[in-house]
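So you can see what is in the structure, the chains are spelled out below.
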Amino acid sequence: MQSYTVKGVRGVRGEITVPGDKSISHRSIMLGSLANGITRVSGFLRGEDALATLQAFRDMGIEITDDGETVTIAGKGLHGLSEPTDVLDCGNSGTSMRLLAGLLAGQSFFSVLSGDKYLRNRPMKRVVEPISRMGGRILGRAGNTKAPLAIQGSPLKGISYDSPVSSAQVKSAIMLAALYADGETTITEPHLSRDHSERMFRHFGASVESFPGGVRLSGGAELQGRDIVVPGDISSAAFFMVAALIVPGSELLIKNVGINPTRTGILDILCAMGGDIELLNQSEDSGEPVADILVRSSQLKGIDISGEVVPRAIDEFPAICVAAAHASGTTRVSGAEELRVKETDRIAAMTANLRKAGVEVVDTPDGMEIVGRERLEPCAAESFGDHRIAMSMLVAGIATEGETTVSDVECIATSFPGFLDLLKGVSVS
Ligand code: S3P
């Protein structure tokens, strides 16, 4: 297990691009495989999570080639997958496992999904339950709540599902199952979660109705292969945005970042904290809005964070915690209990790490209170095997006056290969 040490820096400066959006990369492989004809994906994220999805479809007989620039998928249509001869390995990726659980339930074959020790401990009942109500046959460990999941494909029927959680993985799993279901499927959720599936279904020619609070679609839609340009991942850009805000003397331009409104909670939160952030060159590609993001160092102030912005920033809370730790006053996060079931319990992980850096933090069942201070203390932080915890604490480290070590940083490769070099490249020592 490799640890990594960073030193305090005197500025974060330059112009960067971040790797492709993880959510869109997963979905491009899934829909490209189920479409008729060729799909070409540029900007695909070659991180372990999205590559696990890519391999799963190869294991089900889909020809997928990668020339380093473009990933080309020879889609075989809705009924073109073949039974995998071994367990499909989702690695650390909740998106691979949950979306595949929905998609595989409607096939005419048997399959098994598993993953690493972190993924095998994450809740799967949230997809097993609605998919079973559609007629899906899924068995799993711990009373069908945890992976490995064994799926015997079967005929499905459309349902109306009122999801108790705002989760794009749950919504997308049901949408993928709905493609195979008889009749109409309606899904509602407390707050709108990321809508990349809705956008990509439409991009591939399937009709999906979005209405306030939910989505509706019918089974049997034919998907047509398409070209997809994947924008930079705003969840990856977030670490650099926070770095540039908290290190004095910084100015950073992050080019070509996806700014889908269901993902821009991080921009709303950092701007409400007083962050100097500008969006430039706004455009749209493959049904997704894109912009360059210019960030300059700022004196941040603590704010209250709750409600609909929480799912729109769900992956950014580790980075937001680091921003809050540098703000004047207290930041209060509530309604974010989902953080407890991410790659690790992110409330517990960030509470432990920030306390090591001298920050006063109170953790609550659904959030935390963070009392900002002028400068954090260098410390030995733990990644807990979670890529976003590791990157957040490295960003915290470059804003100290000393050396911060983060344990087990290999996990960063799940979403952001090249992060360490990029961080070094923009750091002014
Ligand atoms: C994702 C949805 C979110 C997010 C995850 C990616 C997706 O998970 O945290 O990183 O691509 O659908 P939840 O659906 O559990 O909120």
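Thresholds applied
Residues numbered from 1 in each chain as written. Predicted model: local features only at pLDDT ≥ 70, side-chain atom pairs only at ≥ 80, totals over all residues. Heavy atoms only, no water. Helix = DSSP H or I, 4+ residues; strand = E, 2+ residues; numbered from the N terminus. Expected span 1.5 Å × (residues − 1). Buried < 20%, exposed > 50% of the residue type's maximum accessible area, 1.4 Å probe, protein only. Near = heavy atom within 4 Å. Polar contact = N/O pair within 3.5 Å; in protein donor to acceptor, adjacent residues only side chain to side chain. Areas by Shrake-Rupley, 256 points an atom, 1.4 Å probe, with all protein chains shown as cover. Nonpolar A, V, L, I, M, F, W, Y, C, P; charged D, E, K, R; others polar. Domains from an automatic or database assignment. Pairing = 2+ DSSP bridges. Salt bridge = Lys/Arg side-chain N within 4 Å of Asp/Glu carboxyl O. Core = buried A, V, L, I, M, F, W, Y, C linked by side-chain atoms within 4.5 Å. Contact = heavy atoms within 4.5 Å. Axes fitted to C-alpha atoms, helices over the stretch in contact; angles between N-to-C directions.

Asker: If you had to explain helix α8 (residues 234-246) to someone new, which residues and values would you point to?
Answerer: One full turn of an α-helix is made of 3.6 residues, so residues set three or four places apart face in the same direction. Over its 13 residues, α8 extends 18 Å from the first C-alpha to the last, a length consistent with the 18 Å expected when each residue adds 1.5 Å. α8 sits mainly inside the fold: 13 of its 13 residues count as buried.

Asker: Can you break down the site of the ligand residue by residue, with the values?
Answerer: Every residue close to the ligand is listed here: Lys-22, Ser-23, Arg-27, Thr-95, Arg-98, Ser-167, Ala-168, Gln-169, Arg-194, Ile-314, Asp-315 and Lys-342. One of the side-chain N or O atoms of Ser-23 is found 2.7 Å from an oxygen atom in the ligand. In isolation the ligand offers 380 Å² of accessible surface; the protein chains occlude 96% of this area. Put simply, the parts of the chain that give the shell around the ligand at least two residues each are α1 (22-34), α3 (94-105) and α6 (168-178). Ranked by residue count, the leading element in the shell around the ligand is α1, at three residues. Its residues placed into classes, the shell around the ligand shows two nonpolar, four polar and six charged. Both domains that meet at the shell around the ligand, namely domain 1 (4-20 + 231-428) and domain 2 (22-229), each give it at least three residues.

Asker: Which residues make up the pairing of strand β17 (residues 251-258), and what values do they have?
Answerer: One ladder, built from five bridges, connects strand β2 (residues 11-17) with β17; its direction is parallel. For Arg-13, the partnering residue across the bridge sits in β17 and is Glu-251. Bridge count between β17 and strand β19 (residues 288-296): six bridges; the pairing is antiparallel. Counterpart to Gly-258 in the pairing with β19 is Val-290.

Asker: Residue-level account of the pattern of salt bridges, with values.
Answerer: Under the counting rule described, the total for this entry stands at 31 salt bridges. Linking Arg-263 and Asp-21 is a salt bridge whose minimum nitrogen-to-oxygen distance equals 2.8 Å. Remark: Asp-21 occurs in the loop between β2 and α1 and Arg-263 occurs in the loop between β17 and α9 (265-272); sequence separation between them is 242 residues. The partner of Asp-315 in a salt bridge is Arg-388, with the nearest N and O atoms 3.5 Å apart. One end of the pair, Asp-315, is in the loop between α10 (309-312) and α11 (317-325); the other, Arg-388, is in helix α13 (residues 387-398), and 73 residues separate them in sequence. Classification of Arg-388 as buried rests on a relative accessible area of 2%.

Asker: An account of the nonpolar core is needed here, citing residue identities and associated values.
Answerer: Membership of the largest hydrophobic core comes to 80 residues, with the highest contact counts inside it found for Phe-240, Met-241, Ile-254, Leu-354, Leu-394 and Phe-419. Broken down by element, the residue count for this core peaks at 11 residues, all from α8. If we skip the residues at most four places from it in the chain, Phe-240 touches Ile-16, Val-18, Leu-252, Ile-254, Phe-416, Phe-419, Leu-422, Leu-423 and Val-426. Counting residues in hydrophobic clusters, the runner-up holds 66 residues, among them Ile-64, Ala-101, Val-215 and Leu-217.

Asker: Kindly report on the side chain of Gln-107, identifying the contributing residues and their values.
Answerer: Positionally, Gln-107 belongs in the loop between α3 and β7 (110-114). With a relative accessible area of 6%, Gln-107 lands in the buried category. Within the structure, the side chain of Gln-107 is placed 3.2 Å from the side chain of Tyr-180, a separation counted as a polar contact. Setting aside residues no more than four positions away along its own chain, Gln-107 makes contact with Leu-78, Leu-81, Gly-153, Ser-154 and Tyr-180.

Asker: Outline the sheet that holds strand β23 (residues 367-371), supporting the account with residue identities and numerical values.
Answerer: Sheet architecture is open: four strands sit in the order β20-β21-β23-β22, paired in mixed fashion. Sheet topology places β20 (304-305) and β22 (360-364) at the edges, where each strand pairs with a single neighbour. As paired strands, β22 and β23 are joined by five bridges and run antiparallel to one another. Looking across to β23, one finds that Glu-360 is bridged to Val-371. The strands that helix α12 (residues 346-356) touches are β22 and β23; relative to β22, the one it contacts most, it runs at about 165°.

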